[in-house]
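As a plain string of letters, each chain reads:
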Amino acid sequence: MTILKLFFAFFQVGLFTIGGGYAALPVIQNQVVDTYGWLTAAEFGDLITISQMTPGPIGINAATFVGMRIAGLPGAVVATVGCILAPCLIVLTLAALYKKYGELRAVRGVLSSLHPAVVGLIASAALSIALQALFPAGVSLTGLDIAAVVLVTAGLFALRRFKVNQITVMLAAGAIGGLFYSLVAR
Amino acid sequence: MKKDLKFYLKLFAGCLRISAFTFGGGYVIVPLIKKRFVDELGWVSEEKMLDYIAIGQSSPGPIAVNTAAMMGYGLAGLPGALVAVFATVLPPLVILSVVSVFYALVIENAVVRNVLRGMQAGVAAVVLDVVVDLVAAVTKSRRAVPVVLMAAAFVAAAVFKVNVAFIILASAAYGVLAVAKVRGKERGHDNP
């Protein structure tokens, strides 16, 4: 029964989250904290922190975390499948339509007006990621993290000038930042 | 492109690697997809990639999973989509399964926090890098409409915090009107 409940709770999380990322939070909270009481509000806060520390979509992170705690590994797998089932069916339908009609002039016209909007959205996400990195305690005049400025600048330089691999840049920033913040800062 | 075992392995490995390093939200997949599937392998054009992202983020569910499904399907139909989605889901499933057991240790560990703080700066650099390229591609056309659409979407998302689904729908509506207008003009030419 619990497994079924997990499945349907995360089926709803998958189906009712449009726009990704933080749009998922209220839906997850509604199911996991308010409806089923699988997590307390404090544990839900921990879940958000963990999601920010680990890779992957927050919906999948939440499904795995809650599933593990309620019903072990089978729970994690069932909740994750529940979370992606509806999105995958919808996207596969759209993908089939795209494959069939994606080259039509009218469709291309509409899609080509989406491209600049998508770039604007990616730029907006980049801005909030950069602000989060540069002002870890919130944006303020005194809150600028100089070490982060150095890391971001050096990272951009390595990527653009020397074409260094992206994953290398992320790992190096983690290693250097980890050493610096642990030994020098505070 | 041959759809042999090697192809599926490459698709699986590419998606797995991207998913394992998507720290900080769905959009971080964009620079990673561009690098691996557009620039290195040449399997996907930049135009198609933006199509996949546009459709992926306007449908329900995680953007990373949706975009992987779109790309996998575009490359190799249903088997491609299944391989791409499986590879995308696997890293968070494995990592969270492990972390959920002793998460208090991870959350309270100062060294882990410091490494992640540094990594956040690296992620910012990677995302800013791809934004520079994508914005340059839009402004290069020297046409006003795309630049205005891009700026409007940016302001709506960054300043007014409008849900991305609405922004995508509004741009699609604009696209439909623009296409209809071109059609109308052409019909006018056909029957004067």
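Residues numbered from 1 in each chain as written. Chains lettered and ligands numbered in written order. Predicted model: local features only at pLDDT ≥ 70, side-chain atom pairs only at ≥ 80, totals over all residues.

Student: Could you clarify how one ought to interpret the overall build of chain B in this entry?
Tutor: Within chain B one finds 8 helices and 0 strands. Along the chain direction, N to C, the helices and strands of chain B fall in the order α-α-α-α-α-α-α-α. Seen along its three principal axes, the alpha-carbon backbone of chain B occupies a region of about 75 × 45 × 30 Å. For chain B, the residues scored as buried account for 51% of the 192 residues in total. (Helix = DSSP H or I, 4+ residues; strand = E, 2+ residues; numbered from the N terminus. Buried ≥ 20, exposed ≤ 12 C-beta atoms within 10 Å, placed from the backbone.)

Student: Explain the interface of chain B and chain A here, please?
Tutor: When the parts come together, some accessible area is lost, and that loss is often what is quoted as the size of the interface. Facing 89 residues of chain B, the contacting portion of chain A comprises 82 residues. Residue assignment for the side of chain B that touches chain A shows that the elements contributing at least two residues are α1 (5–20), α2 (29–40), α3 (46–58), α4 (63–101), α5 (103–108), α6 (110–140), α7 (144–158) and α8 (164–190) of chain B. The biggest single contributor to the side of chain B that touches chain A is α6 of chain B, with 22 residues. Counted by class, the side of chain B that touches chain A contains 65 nonpolar, 20 polar and 4 charged residues. (Contact = placed C-beta atoms within 7 Å. Nonpolar A, V, L, I, M, F, W, Y, C, P; charged D, E, K, R; others polar.)

Student: Just checking my understanding: could you explain the domain arrangement of chain B for this structure?
Tutor: Residue and element names in this part refer to chain B. Each domain of chain B was delimited in the assignment, giving domain 1 (5–140) and domain 2 (141–192). The centre of domain 1, based on its C-alpha atoms, is set 27 Å off from the matching centre of domain 2. With 6 residues of domain 1 at the interface, the matching set in domain 2 holds 9 residues. Among the elements of the structure, α3 and α6 are those that each provide at least two residues to the side of domain 1 that touches domain 2. Here the residues of the side of domain 1 that touches domain 2 are counted per class, giving 2 nonpolar, 3 polar and 1 charged. (Domains from an automatic or database assignment.)

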